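Chain and residue survey
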Amino acid sequence: MLGPPLVSGGDAVASAAITEMIDARTADWSDHECVALGRVVDVLRPSPRHLRDILDWLDDIATRDAGRPGAVLADPGLSRLLAARGSAPDRLKRWKEALRRLRYPRLVAREAEATTLIRGMALGPAARIQLPPALEGGALTVTLTVTSADALAQALARLDTSLRAGDIARLFGLLDEL
Amino acid sequence: MFVPETIFVEREVLGAPMVRRCRSRAPDVPVVEIDDRRQLLGEGDVASSKRQLVLALRRSAFLEHCPAGTRGMACCNYLVMHFASNCPMDCRYCFLQEYLAANAPLTAFVNPEAGLAEIGAMLDAHPERQFRIGTGELADSLALDPLTGLSRELVPFFAARPNGLLELKTKTTAIEDLLDLDPCDRVVVSWSLAPEAVVATAEFGTASIAHRLDAMRRVVAAGYKVGVHLDPLIEHDGWAEGYRELIAAVAVAVPRDRLAWTSMGALRLSPGLRTRIRERFGPLPLLAGEQVPGLDGKWRDFQPLRVHMYRQIRAWLTEAFADVPLYLCMETPPVWEKVFGETPPREQLLGATLAAR
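Okay, so let's go over this structure. None of these values were measured; they are calculated from a predicted model.

What about the interface of chain A and chain B?
Many descriptions give the size of an interface as the accessible area lost when the pieces come together. Contacts between the two partners involve 21 residues from chain A, matched on the other side by 26 residues from chain B. Summing both sides of the interface, chain A and chain B together bury roughly 2100 Å²; the carbon and sulfur share of this comes to 48%. Taken as a group, Arg106, Glu136 and Asp176 of chain A account for 29% of the area that chain A buries against chain B, more than any other trio of residues on that side. The interface formed by chain A and chain B contains nine salt bridges. A salt bridge links arginine 106 of chain A to glutamate 235 of chain B, with the nearest nitrogen and oxygen atoms 2.7 Å apart. Here the side of chain A that touches chain B gets five residues from one element, more than from any other, and that element is helix H3 (residues 48–64) of chain A.

A short note on a nonpolar patch on the surface
Residues and elements named next belong to chain A. Where nonpolar side chains cluster on the molecular surface, the patch consists of Val142, Leu144, Val146, Leu152 and Leu156 and spans about 350 Å² of accessible area. Secondary structure elements with two or more residues in the nonpolar patch: strand E2 (141–144) and helix H8 (149–165). Looking at where valine 146 falls in the secondary structure, it is placed in the loop between E2 and H8.

A word on the layout of surface pockets
All names here are of chain B. Quantified by volume, the largest pocket comes out at close to 1200 Å³. As for the largest pocket, its lining consists of 50 residues, of which Phe95, Gly136, Glu137, Asp231 and Arg268 are closest to the centre. Elements that contribute at least two residues to the lining of the largest pocket include exactly strand E4 (63–65), strand E7 (90–91), helix H3 (96–99), strand E10 (164–170), strand E13 (225–233), strand E14 (259–266) and strand E17 (326–328). In this structure, the second largest pocket occupies an estimated 600 Å³ of space. Lining the second largest pocket are 23 residues, with Glu235, His236, Asp237, Pro285 and Leu286 positioned closest to its centre. Sort the elements by how many residues they give to the lining of the second largest pocket and helix H7 (residues 196–202) lands first, with four residues. For the lining of the second largest pocket, the class distribution of residues is 11 nonpolar, five polar and seven charged.

Let's talk about unusual backbone geometry
All names here are of chain B. Across the junction of aspartate 231 and proline 232, the peptide omega takes the value 5°, indicating a cis bond. Of note, the phi angle at asparagine 86 is positive, near 80°, even though the residue is not glycine. For asparagine 86, the position within the fold is in the loop between strand E6 (84–85) and E7. Residue classification places asparagine 86 among the buried residues on the basis of a relative accessible area of 3%. Backbone geometry at aspartate 185 places phi at a positive 60°, although glycine is not the residue there. As for its placement among the helices and strands, aspartate 185 is situated in the loop between E10 and strand E11 (187–192). With relative accessibility at 34%, the residue aspartate 185 sits in the partly exposed group.

Quick word on the packing of aromatic side chains
Residues and elements named next belong to chain B. Tallied over the entire structure, the rule returns five aromatic pairs over all chains. Residues phenylalanine 157 and phenylalanine 158 carry aromatic rings whose centres are separated by 5.3 Å and whose planes lie at 75° to one another, so their mutual orientation is edge-to-face. Like phenylalanine 158, phenylalanine 157 is buried. Of note, arginine 58 hangs over the ring of phenylalanine 62, and the distance from its end group to the ring centre comes to 5.7 Å. Taking NZ or CZ as reference, arginine 274 lies 4.5 Å from the ring centre of tryptophan 299, over its face.

Side note on empty space enclosed by the protein
All names here are of chain B. Taken as a whole and assessed by the stated rule, the structure comprises one cavity of 30 Å³ or more. The space that makes up the largest cavity amounts to roughly 120 Å³. Lining the largest cavity, in full, are Met18, Phe83, Ala84, Ala108, Thr135, Ala139, Asp140, Ser141, Leu144, Asp145, Thr148 and Leu150. Its residues placed into classes, the lining of the largest cavity shows seven nonpolar, three polar and two charged.

What about the pattern of salt bridges?
Here the structure, examined in full by the defined rule, presents 42 salt bridges over all chains. Close ionic contact of glutamate 136 of chain A with arginine 306 of chain B constitutes a salt bridge, the shortest N to O distance being 2.7 Å. Remark: arginine 306 of chain B occurs in helix H11 (residues 303–320) and glutamate 136 of chain A occurs in the loop between strand E1 (127–130) and E2; the pair is interchain, linking two chains. You can call glutamate 136 of chain A buried: its relative accessible area is 7%. The class for arginine 306 of chain B is buried, based on a relative accessible area of 2%.

Let's talk about the packing of H8 of chain A against helix H9 (residues 167–176) of chain A
Angle between the axes and distance between the axes: these two values describe a pair of packed helices. Residues and elements named next belong to chain A. Taken N-terminus to C-terminus, the directions of H8 and H9 make an angle of 65°; their axes are 4 Å apart at the nearest point. For the element pair H8 / H9, the angle class is roughly perpendicular. Residue-level contacts link Ser162, Leu163 and Ala165 of H8 to Asp167, Ile168 and Arg170 of H9. Grouping the amino acids of the contact of H8 with H9 by side-chain chemistry returns three nonpolar, one polar and two charged.

Here's the deal with the environment of glutamine 130 of chain B
Residues and elements named next belong to chain B. On the secondary structure map, glutamine 130 appears in the loop between helix H4 (112–125) and strand E9 (131–134). Distance from glutamine 130 to lysine 225, taken between C-alpha atoms, is 17 Å for residues 95 residues apart in sequence. Beyond its immediate sequence surroundings of up to four residues, glutamine 130 is in contact with Pro162, Asn163, Arg186 and Ala355. In this structure the side chain of glutamine 130 is engaged in a polar contact, spanning 3.5 Å, whose partner is the backbone oxygen of proline 162.

Rules used throughout
- Residues numbered from 1 in each chain as written.
- Chains lettered and ligands numbered in written order.
- Predicted model: local features only at pLDDT ≥ 70, side-chain atom pairs only at ≥ 80, totals over all residues.
- Heavy atoms only, no water.
- Contact = heavy atoms within 4.5 Å.
- Buried area = accessible area lost by both parts, 1.4 Å probe.
- Salt bridge = Lys/Arg side-chain N within 4 Å of Asp/Glu carboxyl O.
- Helix = DSSP H or I, 4+ residues; strand = E, 2+ residues; numbered from the N terminus.
- Patch = residues over 30% accessible without salt bridge, like charges linked within 9 Å, V, L, I, M, F, W, Y side chains within 5 Å.
- Areas by Shrake-Rupley, 256 points an atom, 1.4 Å probe, with all protein chains shown as cover.
- 1 Å grid on protein atoms, 1.4 Å probe; cavity = no way out; pocket = protein on both sides within 12 Å on 5 of 7 lines; lining within 4 Å.
- Points joined across faces, edges and corners; volume = space filled by probe spheres on them.
- Nonpolar A, V, L, I, M, F, W, Y, C, P; charged D, E, K, R; others polar.
- Buried < 20%, exposed > 50% of the residue type's maximum accessible area, 1.4 Å probe, protein only.
- Phe/Tyr/Trp six-rings, centres within 6.5 Å; stacked < 30°, edge-to-face > 60°.
- Lys NZ or Arg CZ within 6 Å of the ring centre and 35° of its normal.
- Axes fitted to C-alpha atoms, helices over the stretch in contact; angles between N-to-C directions.
- Parallel < 35°, antiparallel > 145°, perpendicular 65-115°, else oblique.
- Polar contact = N/O pair within 3.5 Å; in protein donor to acceptor, adjacent residues only side chain to side chain.

Below, the structure is given as structure tokens:
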């Protein structure tokens, strides 16, 4: 169980919710694990919603790997981000992204592969291809933002090049099946 | 057989035939008379509510459309009847632990004749249509049957109805009351099946797969068709081999021409259900898969992963049961198209195809 100094910011309601959540979710954690979580909360100042995600993911990763939440918190990548400079919201965002990579390794790898493929298409500033959130639904969103007919023609030509090169088909392949 | 710790009976129905049957089939179980089942709401937790049985009057409609076709999901035009509410088994993934959290008492409704009258009126009003109707939505179709003997009322009713097909969906082996009845090909007994590794870790209180397969053999011998639902599909170490062996075992147990249909469905958990599962059981491997929220808000394995599972398992099902209809439950049309190579049939067409089996 963690004591009151854990929460250094936020309003009283959020602080109470965070303390309550931590008490409920860490009852069987070791002191060492609680200290490690306390540092995360103290440095990143997550909202109750973010903290619930964090606790869920820590439990899920530990269960999947037959390990302990403390071992996940000791991950070098997470520790490095915790010690990095920057605002608390920015560090929280990057730290949660790193935790998400551990929680969803195959999904994140597939997203990264697709993102790399999109970047490689060199579509320019006028055309943008967005992946569906968490790859759900399988639909790409293609956005064209142009200020002239010539710019539109150029953007379409670049898309056409990617289409003919098979990049778009490869992209849909990544959305299709693991 | 499920034996409740206590049977609560609404005074109004003390003389109902089903009440008398329950009491005679469980003579040693103490009986407590109550005014109204609603007085039990909020008492006890989910687990304790599964150990009691309430015998009560159903005051609302028995029949409704299956909710699975809502919010962008492909639909098979299925109707559900509520002859009971909740279940004595305790599958870790079961949506009832959230859906019935405020209405948990395990209840058998003792006025099935009212439900059958509802169904009869609908069937009579649309003689040109084929209806597929199940009782396994808010309850296991057969879990309470050794006490209530409900199937002895349902099977003859549907056996005499040319346009109504009854599906009894179960994870039990409670088939004794079915065996001396003639279903006249109007009743399908379906089992939810999963590899034994899943049963051992997630389906508490259910029959083993070997026992379910044995029950399948017995109902087939008694003249019933059977259905197989691989739902929910759960990814786990060795899942592919587990499902392949399971399908092979079904193929040995059931002649192809006695299999009415098969279905697949992804593990799907609402956010509230995920929270509920964590509260009740703590961290579970079930929750640790790569599940993400879908278009309907429910969490499923991320799409490329579940499409992979569907395609793999579909190939084995098709190899074993070439002409047997296979459908996806609570899945989007785009995923359906990826798995089958075509858009899902309109719900009336799919429903009619299955009902004609």
